[in-house]
Amino acid sequence: MKGRRPAAWHTGTVVAVAPETPSARRITVDVPTWPGNDAGSHLDIRLTAPDGYQAQRSYSIASAGEGTRVVLAVDELPDGEVSPFLVHELAVGDTIELHGPLGAFFVWQPPESSDLMPAPVQLIAGGSGVVPLFAMLSAHEAAGDPTEFRLLYSVRTPADVFFRPELDAAMGVDYIYTREAPKGWPTAAGRISRAALEAAILPPDRAPRIYVCGPTPFVEAVADWLVDLGHPTTSIRTERFGGS
Ligand SMILES: Cc1cc2nc3c(=O)[nH]c(=O)nc-3n(C[C@H](O)[C@H](O)[C@H](O)COP(=O)(O)OP(=O)(O)OC[C@H]3O[C@@H](n4cnc5c(N)ncnc54)[C@H](O)[C@@H]3O)c2cc1C
């Protein structure tokens, strides 16, 4: 296990931006003073307007490890204050203020070598909530960790899937499409239900460690169903992105 990485304010320079989906953008920031971060942690971005007005929002980190390149994936809320700026206006070469890394609870670290039979891991994402779970999936692969990992990803349409190339190459990824499913998909598009959740995830007798992330209503519904299905609360970790 890595030592504690104290959170602090840093200045980063945007080094790459690329469309992630029709409404989201991947942003890579070089932060020379970044202490590294565990998979699943997040940071706060603070923007300052020329008149001094400031706005601050949290974003999960899609990357993990010791490097100074921090990768974010931001979905635009059309009526939002900060996300439209990050998706449309922030440009390569711009500097931004970042506070982090944050969140010691919603992180995944490779099992200790003394942990002979690590519990399998079930990740459950709603929309952009896939960002920290993608970091966990990538860190697990990078560590060559043999623990079984599964991701259930609830997403509006196939075009809205974040990290598409990487997830296509990963094992154990299941999708629930809420608005439009691909042609020939075995189930009709629709909101995740208790039954669909039960059918798609590791059962309680496999004792998975479960990470759930997404909009607040999604996380709350899924967490309630998980407990209802018999998963102990101590095995469930949640991260809420907001919204009602
Ligand atoms: C720990 C954490 C990690 C996060 N990581 C990410 C991330 O990796 N990628 C990402 O795109 N976003 C992430 N978010 C959400 C992000 O912080 C902002 O809330 C989001 O970008 C909207 O900000 P805004 O200023 O554009 O909208 P605001 O001006 O703050 O809000 C506009 C309207 O949208 C509603 N709203 C706010 N957030 C949400 C939401 N998540 N879903 C639905 N409605 C919402 C508000 O209630 C308001 O009505 C994260 C949030 C948290 C707490």
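Calculation rules
- Residues numbered from 1 in each chain as written.
- Predicted model: local features only at pLDDT ≥ 70, side-chain atom pairs only at ≥ 80, totals over all residues.
- Heavy atoms only, no water.
- Helix = DSSP H or I, 4+ residues; strand = E, 2+ residues; numbered from the N terminus.
- Buried < 20%, exposed > 50% of the residue type's maximum accessible area, 1.4 Å probe, protein only.
- Contact = heavy atoms within 4.5 Å.
- Pairing = 2+ DSSP bridges.
- Axes fitted to C-alpha atoms, helices over the stretch in contact; angles between N-to-C directions.
- Salt bridge = Lys/Arg side-chain N within 4 Å of Asp/Glu carboxyl O.
- 1 Å grid on protein atoms, 1.4 Å probe; cavity = no way out; pocket = protein on both sides within 12 Å on 5 of 7 lines; lining within 4 Å.
- Points joined across faces, edges and corners; volume = space filled by probe spheres on them.
- Nonpolar A, V, L, I, M, F, W, Y, C, P; charged D, E, K, R; others polar.
- Near = heavy atom within 4 Å.
- Polar contact = N/O pair within 3.5 Å; in protein donor to acceptor, adjacent residues only side chain to side chain.
- Sits in = over half its atoms within 2 Å of the grid points.
- Lys, Arg positive; Asp, Glu negative; His and termini not counted.
- Core = buried A, V, L, I, M, F, W, Y, C linked by side-chain atoms within 4.5 Å.
- Expected span 1.5 Å × (residues − 1).
- Arc of directions from axis to C-beta.

Enquirer: Describe the environment of Ala 55, and please don't skip the residues or the numbers.
Expert: In this fold, Ala 55 is placed in strand E4 (residues 54-60). The exposure class of Ala 55 is buried, given its relative accessible area of 11%. Setting aside anything within four residues of it in sequence, one finds Ala 55 in contact with Ile 45, Arg 46, Leu 47, Glu 81 and Val 82.

Enquirer: Go over the sheet that holds strand E10 (residues 209-214), please, and point to the residues and values.
Expert: Strand order in the open sheet formed by five strands is E9-E8-E7-E10-E11, and the pairing between neighbours is parallel. Because the sheet does not close on itself, it has two edges, and the strands there are strand E9 (173-177) and strand E11 (236-240). In this sheet, neighbouring strand axes are inclined to one another by 15° on average, regardless of whether the strands run parallel or antiparallel. Across five bridges, E10 lies against E11 in parallel orientation. From the neighbouring strand, Gly 214 faces E11, where its bridge partner is Arg 240.

Enquirer: Quick one: what's the story with the pattern of salt bridges, residue by residue and with numbers?
Expert: Under the defined criterion, the tally for this structure stands at 14 salt bridges. Put simply, Arg 5, Asp 38 and Glu 66 are held in one network by salt bridges that share partners.

Enquirer: Describe the layout of surface pockets, naming the residues involved and giving the relevant values.
Expert: A water-sized probe rolled over the atoms picks out the places where empty space is left. As a volume, the largest pocket reaches approximately 1,300 Å³. In this structure, the largest pocket is lined by 39 residues; those nearest its centre are Leu 77, Ser 128, Pro 215, Phe 241 and Gly 242. Elements that contribute at least two residues to the lining of the largest pocket include exactly E4, strand E5 (69-75), strand E8 (149-155), helix H5 (216-228) and E11. Ranked by residues supplied to the lining of the largest pocket, first place goes to E4 with four residues. Counted by class, the lining of the largest pocket contains 15 nonpolar, 15 polar and nine charged residues.

Enquirer: Please provide a residue-by-residue account of the site of the ligand, values included.
Expert: The full set close to the ligand counts 21 residues, and Arg 57, Ser 58, Tyr 59, Asp 75 and Ser 83 are the nearest of them. Within the backbone of Asp 75, one N or O atom sits 2.8 Å away from an oxygen atom of the ligand. In this structure, Val 82 approaches the ligand through a main-chain N or O atom, which is 2.8 Å from an oxygen atom. The pocket occupied by the ligand, as judged from atoms lying within 2 Å of grid points, is the largest pocket.

Enquirer: Explain the side chain of Asp 145 to me, and be specific about the residues and the numbers.
Expert: Note that Asp 145 resides in the loop between helix H2 (130-142) and E8. In this structure Asp 145 is buried but unpaired, with Arg 209 as the nearest side chain of opposite charge at 6.3 Å. Here the side chain of Asp 145 touches His 140 through a polar contact of 3.0 Å, side chain to side chain. Ignoring anything within four residues of it in the chain, the contact list for Asp 145 reads Trp 108, Pro 111 and His 140.

Enquirer: Any chance you could break down the sheet that holds strand E6 (residues 95-102) for me, citing the residues and the numbers?
Expert: Ordered in space as E4-E3-E6-E1-E2-E5, the six strands form an open sheet in which the pairing is antiparallel. In the strand order of this sheet, the two ends are held by E4 and E5, each with one partner. The sheet shows a mean angle of 35° between the axes of neighbouring strands, direction not considered. Sheet topology note: the strand E3 (residues 42-48)/E6 ladder contains four bridges and is antiparallel.

Enquirer: Could you give me a rundown of the nonpolar core, with the residues and numbers involved?
Expert: Counting 31 residues, the largest nonpolar core has Leu 123, Leu 133, Met 136, Leu 151, Tyr 153, Phe 163 and Leu 167 as the members making the most contacts within it. Elements that contribute at least two residues to this core include exactly E5, strand E7 (121-126), H2, E8, E9 and E10. Considering each element in turn, this core owes the most residues, seven residues, to H2. Those residues within four positions of Tyr 153 in sequence are excluded, and the remaining contacts are Ala 125, Gly 127, Val 130, Asp 160, Val 161, Phe 162, Leu 167, Asp 174, Tyr 175 and Ile 176. Core analysis: the next-biggest nonpolar cluster, separate from the first, contains 20 residues, Ile 27, Leu 43, Ile 45 and Tyr 59 among them.

Enquirer: Before we move on, can you summarise H5 with the specific residues and values?
Expert: In a regular helix each residue adds 1.5 Å, so 13 residues correspond to 18 Å; H5 covers 18 Å between its end C-alpha atoms and thus fits that length. What H5 keeps buried is the set Thr 216, Phe 218, Val 219, Val 222, Ala 223 and Leu 226. Burial along H5 is one-sided: seen end-on, the buried residues are contained in an arc of 155°. For H5, the exposed residues set more than 90 degrees away from the buried face come down to Asp 224 and Asp 228.

Enquirer: Tell me about the pairing of strand E2 (residues 24-30), and name the residues and values.
Expert: For E2, a buried count of six out of seven residues is recorded, marking the element as mostly surrounded by other parts of the structure. Note: strand E1 (residues 8-21) against E2, seven bridges, orientation antiparallel. The partner of Thr 21 across the bridge, within E2, is Ala 24. Where E2 lies against E5, seven bridges are found, and the strand directions are antiparallel. Bridge assignment links Ala 24 to a residue of E5, and that residue is Asp 75.

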